[in-house]
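Each chain, letter by letter, is given below.
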Amino acid sequence: QVQLVESGGGLVQPGGSLRLSCAASEIIFGFFNMGWYRQAPGKQRELVAEITVARTTNYADSVKGRFTISRDNAKKSVYLQMNSLKPEDTAVYYCKADQRGGSSYWGQGTEVTVSS
């Protein structure tokens, strides 16, 4: 079983920054497409950013230019650098791993609160 553990969430003021990390147990981490999703209070879970095995990236329009997703296959980790945070970014952020032709896996989430 692939296990994903998110970290780095917390309380920040508007305009601040956070860096989320997701550590995977999978030995062949490099063969997984990775993504960050978020679920705000009272809303459905939505895609924030994703990065493929080939390191191509895709971002939600709401975070484009502010967030950056990256991966370190040697460390079996994926990161989400979040800058210029807004109150509407408040949510629980989840890490997701997808193996093409295989299974998908979710982490338990890390909470991000953007408020004064």
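Scroll up to find the structure this text is about.
Each chain has its residues counted from 1, running along the sequence as written. Reporting in this predicted model follows two pLDDT cut-offs: at least 70 for local features of residues, and 80 or more for side-chain atom pairs to be given and counted; totals over whole chains, interfaces and linings ignore these cut-offs and use all residues. Note: side-chain values were computed over all heavy atoms of the structure, leaving out hydrogens and water.

Enquirer: Describe the sheet that holds strand S3 (residues 18-24), and please don't skip the residues or the numbers.
Expert: If you walk across this open sheet you meet the four strands as S1-S3-S8-S7, and the pairing is antiparallel. Here the strands that pair on one side only, and so sit at the sheet edges, are strand S1 (4-7) and strand S7 (67-72). Sheet twist, expressed as the average angle between the axes of neighbouring strands with direction ignored, equals 15 degrees. Relative to strand S8 (residues 77-82), S7 runs antiparallel, the two sharing six bridges. Note on S8: the bridge partner recorded for Arg71 is Val78. For two strands to pair, DSSP has to find at least two bridges joining them. Elements are defined by DSSP. Helices are runs of H or I of four residues or more, strands are runs of E of two residues or more, and each kind is numbered from the N terminus. Interaxial angle, 0 to 180 degrees, is taken between N-to-C directions of lines fitted to C-alpha atoms, where a helix line uses only the stretch in contact.

Enquirer: Report on the nonpolar core, specifying residues and quantitative values.
Expert: Side chains of a nonpolar character, in soluble globular proteins, are inclined to be buried together. Core analysis: the largest hydrophobic core is formed by 31 residues, its most contacted members being Leu4, Met34, Trp36, Val78, Leu80, Met82 and Tyr93. For this analysis, residues touch if any pair of their heavy atoms sits within 4.5 Å. Not counting the four nearest positions on each side in its chain, Met34 is found in contact with Leu4, Cys22, Phe29, Glu50, Ile51, Ile69, Arg71, Val78, Cys95, Lys96 and Ala97. The nonpolar core is taken to be a set of buried Ala, Val, Leu, Ile, Met, Phe, Trp, Tyr and Cys residues, with the residues joined through side-chain atoms within 4.5 Å. Buried means the residue's accessible area, taken with a 1.4 Å probe over protein chains only, is under 20% of the maximum for its type, while exposed means over 50%, and partly exposed covers the values in between.

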